[in-house]
Amino acid sequence: AVGPLSGALASGGSARLPLTLRAGQDIRIVGVCDQACNDLDIRVLDPRGDVIAQDVRGNDHPVVDLRAEMFGQHTIEVGMVDCRAPRCRFAVNVYTR
């Protein structure tokens, strides 16, 4: 597993985390956030900047499963959709399968 990648974001904020993948690699990305956080989203972008997987449901524990189509630096975009505090802490773990 890679991670945890962590930080703190205000509502509406986002963080971008680099992730190098090889073609055909299966991974699961799991996000968690603190008690003041209502909604956390994860999107995964390939090296071209295209969204290849996402979990944008209205919950605080996004899970994304994907198989990389190409080698190179992908980006995990973490979006803090709803935080009831000035900032909410989040963490993202990446598991290879």
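Residues numbered from 1 in each chain as written. Predicted model: local features only at pLDDT ≥ 70, side-chain atom pairs only at ≥ 80, totals over all residues. Heavy atoms only, no water.

1. A short note on the overall build of the chain
Logical step 1: Counting secondary structure elements, the chain contains zero helices and eight strands.
Logical step 2: When its helices and strands are written in sequence order, the chain yields β-β-β-β-β-β-β-β.
Logical step 3: Taken along the three principal axes of its C-alpha coordinates, the chain extends 40 × 25 × 20 Å.
Logical step 4: Every one of the 97 residues in the chain was classed for burial, and the buried ones make up 43%. (Helix = DSSP H or I, 4+ residues; strand = E, 2+ residues; numbered from the N terminus. Buried < 20%, exposed > 50% of the residue type's maximum accessible area, 1.4 Å probe, protein only.)

2. Some remarks on the state of the cysteines
Logical step 1: Counted under the stated rule, the structure contains two disulfides.
Logical step 2: A disulfide bridge connects Cys33 with Cys37, and the sulfur atoms are separated by 1.9 Å. Its S-S torsion of about -60 degrees marks the bond between Cys33 and Cys37 as left-handed, since a negative value means left-handed.
Logical step 3: Between the sulfur of Cys83 and that of Cys88 lies a disulfide, 2.0 Å long from S to S. Its S-S torsion of approximately 95 degrees makes the covalent link between Cys83 and Cys88 right-handed.
Logical step 4: Cys83 sits in the buried class, given a relative accessible area of 8%.
Logical step 5: Described in terms of the sequence order of its bonded cysteines, the disulfide pattern of the chain is 1-2, 3-4. (Disulfide = S-S within 2.5 Å.)

3. Some remarks on the pairing of strand 4 (residues 37–45)
Logical step 1: For strand 4, a buried count of seven out of nine residues is recorded, marking the element as mostly surrounded by other parts of the structure.
Logical step 2: Summarising the sheet, strand 4 and strand 7 (residues 72–83) pair through eight bridges and their orientation is antiparallel. Across the sheet, residue Leu40 finds its bridge partner in strand 7, namely Met80.
Logical step 3: In this sheet, strand 5 (residues 51–55) lies alongside strand 4 in antiparallel orientation, the contact comprising four bridges. (Pairing = 2+ DSSP bridges.)

4. What to know about the nonpolar core
Logical step 1: Counting 25 residues, the largest nonpolar core has Ile29, Leu66, Ile76, Met80, Phe90 and Val92 as its most contacted members.
Logical step 2: At the level of elements, strand 2 (14–21), strand 3 (26–33), strand 4, strand 6 (63–67), strand 7 and strand 8 (88–96) are the ones that each hand at least two residues to this core.
Logical step 3: Residue contacts for Met80: discarding those within four places in its chain leaves Leu9, Ala10, Ser11, Gly12, Gly13, Cys37, Asp39, Leu40, Cys88 and Phe90. (Core = buried A, V, L, I, M, F, W, Y, C linked by side-chain atoms within 4.5 Å. Contact = heavy atoms within 4.5 Å.)

5. Some details on the pattern of salt bridges
Logical step 1: According to the stated counting rule, one finds seven salt bridges in the structure shown.
Logical step 2: For Arg16, the salt bridge identified is with Glu77, shortest N-O distance 2.4 Å. Taken together, the residues Arg16 in strand 2 and Glu77 in strand 7 connect sequence positions 61 residues apart.
Logical step 3: Relative accessible area serves as the criterion here: at 18%, Glu77 is assigned to the buried category.
Logical step 4: Note that Asp50 and Arg48 form a salt bridge whose closest N and O atoms lie 3.4 Å from each other.
Logical step 5: For Asp50, a relative accessible area of 39% translates into the label partly exposed.
Logical step 6: Under the relative-accessibility criterion, Arg48 is labelled exposed at 61%.
Logical step 7: One connected set of salt bridges, linked through shared partners, spans Arg28, Asp65 and Arg97. (Salt bridge = Lys/Arg side-chain N within 4 Å of Asp/Glu carboxyl O.)

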